[in-house]
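One-letter residues, chain by chain:
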Amino acid sequence: MPWTRPLSVPIPMVWHRFQGPDPNRQLVEYRIEDVTPDRYEEIIQLLRDHFMSRQIVADQSELRKQESYWRQCLEQKLSVVCYQQGLDRIVGINLLLVKQSNEPCFFESPTTGRPVKKTPYSEGCLVDRYDVFTNYRTNRYLTAAEVFVDRDYRGLEVAIEMLNSWVPICRRFGIRVISTDFKSQSAQETARKVGFRTDCEITYEECEKIGITLPDSNASNGCLKLMSMTVN
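Residues numbered from 1 in each chain as written. Predicted model: local features only at pLDDT ≥ 70, side-chain atom pairs only at ≥ 80, totals over all residues. Heavy atoms only, no water.

Draft legend 1. Region of the structure containing the pattern of salt bridges. Within the structure shown, the criterion is met by 11 salt bridges. The partner of Glu41 in a salt bridge is Arg71, and the shortest N-O contact between them spans 2.7 Å. Taken together, the residues Glu41 in helix H1 (residues 40-53) and Arg71 in helix H2 (residues 60-75) connect sequence positions 30 residues apart. What makes Glu41 partly exposed here is its relative accessible area of 49%. According to the relative accessible area criterion, Arg71 is partly exposed, its value standing at 31%. Several salt bridges converge on common partners, so that one network encompasses Arg39, Glu42 and Asp88. (Salt bridge = Lys/Arg side-chain N within 4 Å of Asp/Glu carboxyl O. Helix = DSSP H or I, 4+ residues; strand = E, 2+ residues; numbered from the N terminus. Buried < 20%, exposed > 50% of the residue type's maximum accessible area, 1.4 Å probe, protein only.)

The following block contains the structure:
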C-alpha cells in the first residue's frame, strides 16, 4: 500500500521558518508549509511552465506523463511550498513523497527495461546501481520529485532552506532516511552542506547515451548524483 499521511497531522503544518533577503535585498521572514489543495492547479501550472521554458521534456506527451506524476506526489499530502511572510505568492515548491519497499513498481529502468521502485526520468539512471532500501536497511524513505524556486528568489538561499525543512518532516512521520538525486553541481554542493552524502553517481555523458537529457548539463563535465542522509 502507498504511504498515506496520518489524519492526526493537520494541513497545513508550518515545518520551517527562516530569515533571508527578498529580491530587493531586504531582510524578511519566510515560512515553509504543507501545500493546500486549493494551490494544486497553480503548482502544476508553475511546474509546467518551468519545464517547457527550459525544454526539460521533449513534447506534450512527455509533459502529460510528468504532470500525472506530480499529481501522484501531491496526493500524498507531503509536498511543501515556501512563502515570503505577508505575501501569498509561491516562492518555492518542493514535491515530496515517501517511497516504500512494498509498493508496486511503476517505472521501467532505462538501462535494463525491468520495473523499478523509483521516480521517473533522471533517478531511473541510478536504480540499477544502488538500492536505498537494502543499503540503509529501511522499508521507506523520503524523496523529492521536484524542487522549484521562483526566478526572482533564486540565489537567496531558498533552496537550501527547503532542504532543511525535510528533517522536521521526517521526524514528525518517523522516517529515518532521505534519498534523492541532485542534478547540478550547485545543488550537490548545497546538499553536501546540509549533510547529504553521495551514494551513487552517473556522468552527464552516460545519461545522454541512454536518452536522459538533463537541463543545464555539460556532457563532458559533471554527473548526476544519488545522495542520502539519515535523520535521528
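Draft legend 2. Inspection of the environment of Ser186 at higher detail. Here Ser186 shows up in helix H6 (residues 185-194). Here Ser184 takes part through its side chain, which lies 3.1 Å from a polar atom of the side chain of Ser186. (Polar contact = N/O pair within 3.5 Å; in protein donor to acceptor, adjacent residues only side chain to side chain.)

Draft legend 3. Just the packing of aromatic side chains, in detail. Under the definition given, this model contains 7 aromatic pairs. Residues Phe18 and Tyr30 carry aromatic rings whose centres are separated by 4.9 Å and whose planes lie at 10 degrees to one another, so their mutual orientation is stacked. Of the two residues, Phe18 is situated in strand E1 (residues 14-21) and Tyr30 in strand E2 (residues 27-34); the sequence distance between them amounts to 12 residues. Both residues of the pair, Phe18 and Tyr30, belong to the buried class. Plain terms: the ring middles of Trp166 and Phe196 are 5.9 Å apart, the flat faces sit at 85 degrees to each other, and that makes the pair edge-to-face. (Phe/Tyr/Trp six-rings, centres within 6.5 Å; stacked < 30°, edge-to-face > 60°.)

Draft legend 4. How the structure looks around the nonpolar core. Core analysis: the biggest nonpolar cluster contains 37 residues, and Leu142, Trp166 and Phe196 have the highest contact counts within it. With 5 residues, helix H5 (residues 166-173) is the largest single contributor of residues to this core. Those residues in contact with Phe196 that sit more than four places away from it in its chain are Leu163, Trp166, Ile178, Phe182, Ala191, Met227, Ser228 and Met229. Residues Tyr40, Phe51, Leu74 and Tyr83 belong to the second largest nonpolar core, which totals 19 residues. (Core = buried A, V, L, I, M, F, W, Y, C linked by side-chain atoms within 4.5 Å. Contact = heavy atoms within 4.5 Å.)

Draft legend 5. Seen up close, the side chain of Asp34. Along the chain, the position of Asp34 falls in strand E2. Look at Asp34 and you get buried, because its relative accessible area is 2%. Polar contacts involving the side chain of Asp34 include one to the side chain of Arg5, which spans 2.8 Å. In terms of polar contacts, Asp34 uses its side chain to reach the side chain of Trp15, at 2.8 Å. Beyond its immediate sequence surroundings of up to four residues, Asp34 is in contact with Arg5, Pro10, Ile11, Pro12, Met13, Trp15, Ser79, Val80 and Val81.

Draft legend 6. Molecular detail of H2. With 16 residues, H2 ought to run about 22 Å at 1.5 Å a step, and its terminal C-alpha atoms sit 22 Å apart, in line with that. Taken residue by residue, H2 has Leu63, Gln66, Glu67, Tyr69, Trp70, Cys73 and Leu74 as its buried positions. The buried side chains of H2 occupy one side of the element, clustering within an arc of 160 degrees when seen end-on. Among the exposed residues of H2, those oriented more than 90 degrees off its buried face are Arg64, Lys65 and Glu75. Once H2 finishes, Lys77 follows within two positions and takes phi at roughly 60 degrees, a positive value. (Expected span 1.5 Å × (residues − 1). Arc of directions from axis to C-beta.)

Draft legend 7. Representation of the side chain of Arg31. Take Arg31: it is sitting in strand E2. When its relative accessible area of 17% is taken as the criterion, Arg31 is described as buried. Side chain to side chain, Arg31 and Glu33 meet in a polar contact 2.7 Å long. Residues within four places of Arg31 in sequence aside, it is in contact with Val14, His16, Arg17, Val81, Cys82, Tyr83 and Gln85.

So yeah, pure geometry; function would need other evidence.
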